[in-house]
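Structure at a glance
Now for the letters of each chain:
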Amino acid sequence: MQDRAKIVIIGGGAVGCSIAYHLAQRGERDVLVIEKSLVTHGATWHAAGLIGQLRSKRNLTKMMQNSVALCERLAKETGQETGWHQVGSLRVASSPDHWQEIKRTATTARSFGFELELLSAKEAQEKFPYMSTDGVLGAAFIPTDGYIDPYSYTMALVAGARAGGVKFEQNVLVEDIIIKGNRVKGVQTDKGYVECDTLVNAAGLWAGQVSQLAGIALPTTVVEHQYCVTDKSQNIPTDLPTFRDPHNLFYLKPEVGGFVIGGWEEGTPHVGKKRLPFEFGRELYEGNFDRFEKVLLPAAERLPILNELGIQTMINGPIPVSADGEPILGQIPEQPNHFVACGFTAGIAGSGGAGEVMANWILEGDPGMDLWAFDVRRFGPHQASSSYLSQRSVEVYAQYYKVHFPATEMQTARLRRRSPLYNALAKNGASFGSKSGWERPNFFWREGMERVDNPSFERIGWEKTVGFEHQAIREKVALIDQSSFSKFEIIGKDAASFLQRLAVNNVDKAPGTATYTQLCNERGGIEADLTIIRETDDRFYVVTGSGFGVRDRHWIESNIAPRENVHLSDITSSRAVINLCGPFARKVLEKVSDDDVSHEGFAFLGARWIHIGMAPVLAVRLTYVGELGWELHIPVEYAAYVYELLRQAGEEFDIIDAGYRAIDSLRMEKRYLYWGADIGPDYTPLEAGLGFCVKLSKGDFIGKDALQKQKEEGVTRKLCCFVVDKDIHLYGSEAIYHQGKLVGLTTSGNFGYTVGQSIAFGYLPANIIDAGGFEIEAYCERHAAKRIDGSAYDTARTKILC
């Protein structure tokens, strides 16, 4: 076996072979794929092979569309038959909630021009005559979906990769990954050592174990998945579409006169701490008919023909699943030449597009599109623990076909990461959600309320909780526990010049000031959206979102030059944060602190250490809700004490606790943006209306050339704010129409309890923003929408500058 390759890929499943194929397509010949047994062994060979494309986000759908495009051309290109059948897919709704979800999905599909047809139950039956229409409210048909033979497809990828110069070594086990400093130097196998410049972990079922060889914990594990193959019948045509009935938990694909039927039931077995042995290859588990009844019996009610067909084969095989059920892609933050592509519960469907974006990532340092929902950096270290994965993996598996309500909270692996205020907030009626493992208050139950938070596509009853908190912040005063913020300390004699080069805004200000800024890539796309507080000349405090800590830290550290005297420390766990906000916030603070907190003595975006009672607190005057307020950053041992003082001081002003659902409603009224929805690597600050943060005159910074050019030439799209008088339930990804023509999609949506209107953000072509005639489509119904300048509430900012 060769002893060196520029790029080594571990894993010969569909994903690893697709990466190899796409690297070869890009002209990269020095690639070696190492497979511990034979190509396709593990999970690929026994996959059902359904390929569906539509996802909740445009870029994720685009990636899946690229998979289908590959399926359409691969056989002709390589001469290797793939078994691709583009028969379309039919998804039926057997419950009102599933029908609402399908209509929401259809609206999302329209927002980016994806072909999807909504059908009645009778029309669905015409496409799949064997289905019963009992209880079916409607269906969605996607004509470009289909299914493929996983083995043949993967072998075609191998043929294409080999034609481009890629080498494959089978029956070779990687025993160790050699690290020098923070870089992979090579892999030790049972056949010898192989040096490499870049390593890609595409080891599928064993990706977590392989990553541990490099000292990396990945949040992926293995569960069992079952499907059956029915007996054959000469009466079953070969051109039936694939079929899904999520309410009844099952999927189906035609199989040469029969059917393949599988599903996503609750309680699937987790492989557990014993892990899957490396010796496991083309093997299966014993079928569990008792468990499979949860899938098969509802399937037989929907498809009565199944009562006439026997079961020919039962397949019970291992499949990978990540901590949130989505694939894990990207660059390992700790090791810049180490990439990962794993955790694919539906690996055949995602493999083609994943191979393309991974080739981009490896060769260009960028996937070519914003893939935050799949990015390895979305996870924290606790999510890779066996304790977490053993619980959460079983739950996310069972969620695969359940209705995905906008405010759904997972229930397992909870109560592990709690702020110092958790017990006090729980006593006060908090309904907690989870973000990056943190228990955070979504809202607070009021006295006498039935404490049942039923998920829904509608915000039923939210006016009594979320609306109440919203109005309290607008009219009185509230406390919000925001201890889950990710927090970094950046120190060193080059810290100021480094951050000036990294941020678009001017951060080289006097100590005691906070700067809201974006960190951009060379294209001007927004990689991070955060606050930088200068405490001393060479000490900065950086605050970002709860779920962005790993990603933002990686972006910051990866841009530190070798000889720069800059050091970053994660101090998230050392400080709690209480947001004191509302018109009476100053009156409350004055009662517990002797420091000058007047507007003249403590200006907006000021930051300094004060005392609240006997506790030292870093007070930062800023807002994400659009009212007078301070973020109070408190050493954790003082947090409960400070909270108690503030509650006592605020009693005369009717102070309350508030949660994150109110924050979202409030920030929508103020046009405050959220990274990952409204802004991200695909959008620039100028397009998003954040040009006030971009200081082109301050000197060089990352993205300056692109932003300078864009400012000179003018932006071609702009983020706009819309209001809808009708109380419709907007969440983002709704279609925007202008004079009957599709022009964009919403990025966020909510109801503004102060303005009494539904609010949405969305990007529009710059040449139509001053026109009228806009509509927003939600659940397949269009509603007149008015584009407004600025924000829906307090455009003049008088409430925060007082």
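Before any of the text, the structure's been laid out above.
Just so you know, these numbers come straight off a predicted model, no measurement behind them. (Residues numbered from 1 in each chain as written. Predicted model: local features only at pLDDT ≥ 70, side-chain atom pairs only at ≥ 80, totals over all residues. Heavy atoms only, no water.)

1. Some points on the overall build of the protein
Helix and strand counts for the protein stand at 17 helices and 37 strands. A compact globule built from 802 residues would reach a C-alpha radius of gyration of about 28 Å, and the protein, at 27 Å, matches this within 12%. Projecting the C-alpha coordinates of the protein onto the three principal axes gives extents of approximately 85 × 60 × 55 Å. When the 802 residues of the protein are sorted by exposure, 61% land in the buried category. A fraction of 73% describes how many contacts in the protein between residues 6 or more apart in sequence connect residues 24 or more apart. (Helix = DSSP H or I, 4+ residues; strand = E, 2+ residues; numbered from the N terminus. Rg over C-alpha atoms; globule rule 2.2 N^0.38 Å. Buried < 20%, exposed > 50% of the residue type's maximum accessible area, 1.4 Å probe, protein only. Contact = heavy atoms within 4.5 Å.)

2. Things to note about the sheet that holds strand β30 (residues 629–635)
Overall, mixed pairing links the six strands, which are arranged β28-β29-β30-β27-β21-β31 in an open sheet. Edge positions in the sheet fall to β28 (607–612) and β31 (656–657), since each has one partner strand and no second. (Pairing = 2+ DSSP bridges.)

3. A look at unusual backbone geometry
If you check the backbone angles, Arg-671 has positive phi at about 60 degrees while not being a glycine. If you trace the backbone, Arg-671 turns up in the loop between α16 (660–669) and α17 (704–713). Residues other than glycine seldom take positive phi values, yet Gln-739 does so here, at roughly 50 degrees. With respect to the helices, strands and loops of the structure, Gln-739 is situated in the loop between β33 (735–738) and β34 (741–752).

4. Let's talk about helix α14 (residues 585–592)
Of the residues making up α14, those classed as buried are Ala-585, Arg-586, Val-588, Leu-589 and Val-592. Angular distribution of buried residues about the axis of α14 spans 160 degrees; they occupy a single face of the element. In this structure, the buried residues of α14 make contact with β27 (575–581), β28, β30 and α15 (639–649). (Arc of directions from axis to C-beta.)

5. Some points on the packing of helix α1 (residues 14–25) against helix α8 (residues 347–364)
One can describe the packing of α1 onto α8 by two numbers: an axis separation of 7 Å at closest approach and a directional angle of 45 degrees. When the interaxial angle is binned, α1 and α8 end up oblique. For the pair α1 and α8, the crossing hand works out as right-handed. Side by side, α1 and α8 meet where Ala-14, Val-15, Ser-18, Ile-19, His-22 and Leu-23 of the first sit next to Gly-347, Ile-348, Ser-351, Gly-352, Gly-355, Glu-356, Met-358, Ala-359, Ile-362 and Leu-363 of the second. A per-class count over the contact of α1 with α8 returns nine nonpolar, six polar and one charged. (Axes fitted to C-alpha atoms, helices over the stretch in contact; angles between N-to-C directions. Parallel < 35°, antiparallel > 145°, perpendicular 65-115°, else oblique. Left-handed = near helix turned anticlockwise from the far one by under 90°. Nonpolar A, V, L, I, M, F, W, Y, C, P; charged D, E, K, R; others polar.)

6. Digging into the nonpolar core
Counting 47 residues, the largest nonpolar core has Ile-9, Ile-19, Tyr-153, Phe-168 and Leu-329 as the members making the most contacts within it. Taken together, the elements giving at least two residues each to this core come down to β1 (4–10), α1, β2 (31–34), α2 (58–78), α5 (150–163), β18 (338–342) and α8. Excluding anything up to four places from it in sequence, Ile-19 contacts Ile-9, Val-200, Ala-202, Ala-341, Gly-355, Met-358 and Ile-362. (Core = buried A, V, L, I, M, F, W, Y, C linked by side-chain atoms within 4.5 Å.)

7. Here's the deal with α8
Spanning 18 residues, α8 covers 24 Å between terminal C-alpha atoms, matching the ideal 26 Å at 1.5 Å per step. Gly-353 marks the point of greatest bend in α8, at about 35 degrees. Of all 18 residues in α8, 15 are buried, a share of seventy percent or more. A positive phi of about 80 degrees marks Gly-365, the residue just after α8. (Expected span 1.5 Å × (residues − 1). Bend = angle between axes of the 7 residues up to and from the residue.)

8. Here's the deal with the pattern of salt bridges
Side-chain pairing between opposite charges can occur once the charged atoms of the two side chains come close. In this structure the tally under the stated criterion is 40 salt bridges. Linking Asp-366 and Arg-523 is a salt bridge whose minimum nitrogen-to-oxygen distance equals 3.5 Å. Remark: Arg-523 occurs in the loop between β23 (513–520) and β24 (526–536) and Asp-366 occurs in the loop between α8 and α9 (386–398); sequence separation between them is 157 residues. With a closest N to O distance of 2.8 Å, Arg-551 and Glu-527 form a salt bridge. (Salt bridge = Lys/Arg side-chain N within 4 Å of Asp/Glu carboxyl O.)

9. Quick notes on the sheet that holds strand β25 (residues 539–544)
Strands sit in the order β23-β24-β25-β22-β26 across an open sheet of five strands; the sheet is antiparallel. On the outer flanks of this sheet lie β23 and β26 (567–570), each paired with one strand and no other. Recorded for the sheet is a direction-independent mean angle of 30 degrees between the axes of neighbouring strands. Pairing geometry for β23 and β24, over eight bridges, is antiparallel. Paired with Tyr-516 across the strands is Thr-531, a residue of β24.

10. A word on the packing of aromatic side chains
Applying the stated criterion across every chain, the model contains 24 aromatic pairs. Pairing Trp-264 with Tyr-397 gives two aromatic rings, centres 4.9 Å apart and planes at 55 degrees, and the pair type is tilted. Placement of the pair is Trp-264 in the loop between β15 (258–263) and α7 (289–302) and Tyr-397 in helix α9, with a sequence separation of 133 residues. Judged by centre distance (4.0 Å) and plane angle (5 degrees), the rings of Tyr-683 and Tyr-763 are stacked. Highlighted residues: Tyr-683 in the loop between α16 and α17 and Tyr-763 in strand β35 (residues 757–765), separated in sequence by 80 residues. The class for Tyr-683 is buried, based on a relative accessible area of 13%. Residue classification places Tyr-763 among the buried positions, given a relative accessible area of 8%. In this structure an aromatic cluster arises from ring pairing among Phe-128, Tyr-130, Phe-243, Phe-250 and Phe-259. We note Arg-440 situated over the ring of Tyr-660; from NZ or CZ to the ring centre the distance is 3.6 Å. (Phe/Tyr/Trp six-rings, centres within 6.5 Å; stacked < 30°, edge-to-face > 60°. Lys NZ or Arg CZ within 6 Å of the ring centre and 35° of its normal.)

11. Regarding a negative patch on the surface
A cluster of acidic side chains, namely Glu-115, Glu-117, Glu-123 and Glu-126, defines a negative patch on the protein surface. By the secondary structure assignment, Glu-123 is in helix α4 (residues 121–127). (Patch = residues over 30% accessible without salt bridge, like charges linked within 9 Å, V, L, I, M, F, W, Y side chains within 5 Å. Areas by Shrake-Rupley, 256 points an atom, 1.4 Å probe, with all protein chains shown as cover. Lys, Arg positive; Asp, Glu negative; His and termini not counted. Charge placed at Lys NZ, Arg CZ, Asp CG, Glu CD.)

12. Here we look at the side chain of Ser-484
Position of Ser-484 among the secondary structure elements: in the loop between β21 (478–481) and β22 (486–491). Here Arg-440 takes part through its side chain, which lies 3.4 Å from a polar atom of the side chain of Ser-484. At 2.6 Å, the side chain of Ser-484 and the side chain of Ser-546 are in polar contact. Once residues within four sequence positions are removed from consideration, Ser-484 is found in contact with Trp-438, Arg-440, Ser-546 and Tyr-660. (Polar contact = N/O pair within 3.5 Å; in protein donor to acceptor, adjacent residues only side chain to side chain.)

13. Some thoughts on the environment of Val-597
The topology assignment puts Val-597 in the loop between α14 and β28. Remark: the alpha-carbon pair of Val-597 and Ala-5, spanning 592 residues in sequence, is separated by 62 Å. Not counting the four nearest positions on each side in its chain, Val-597 is found in contact with Arg-586, Leu-589, Glu-590, Phe-602 and Trp-630.

14. A word on the environment of Thr-716
Structurally, Thr-716 can be placed in the loop between α17 and β32 (717–724). Here the alpha-carbon distance between Thr-716 and Val-340, two residues 376 residues apart in the chain, equals 35 Å. Those residues in contact with Thr-716, other than ones at most four positions away along the chain, are Leu-764, Pro-765 and Ala-766.

15. Things to note about the packing of α14 against α15
One can describe the packing of α14 onto α15 by two numbers: an axis separation of 9 Å at closest approach and a directional angle of 120 degrees. Regarding α14 and α15, the two cross each other, and that crossing is right-handed. The residues of α15 that touch α14, namely those facing Val-588, Lys-591 and Val-592, are Leu-645, Leu-646 and Ala-649. For the contact of α14 with α15, the class distribution of residues is five nonpolar, no polar and one charged.

16. So, the pairing of strand β9 (residues 174–180)
Pairing geometry for β9 and strand β10 (residues 183–189), over six bridges, is antiparallel. Each residue of the ladder has a partner; that of Ile-177, found in β10, is Val-187. Once β9 ends, the chain turns through two residues before running back antiparallel as β10, passing Gly-181 with a positive phi of about 65 degrees.

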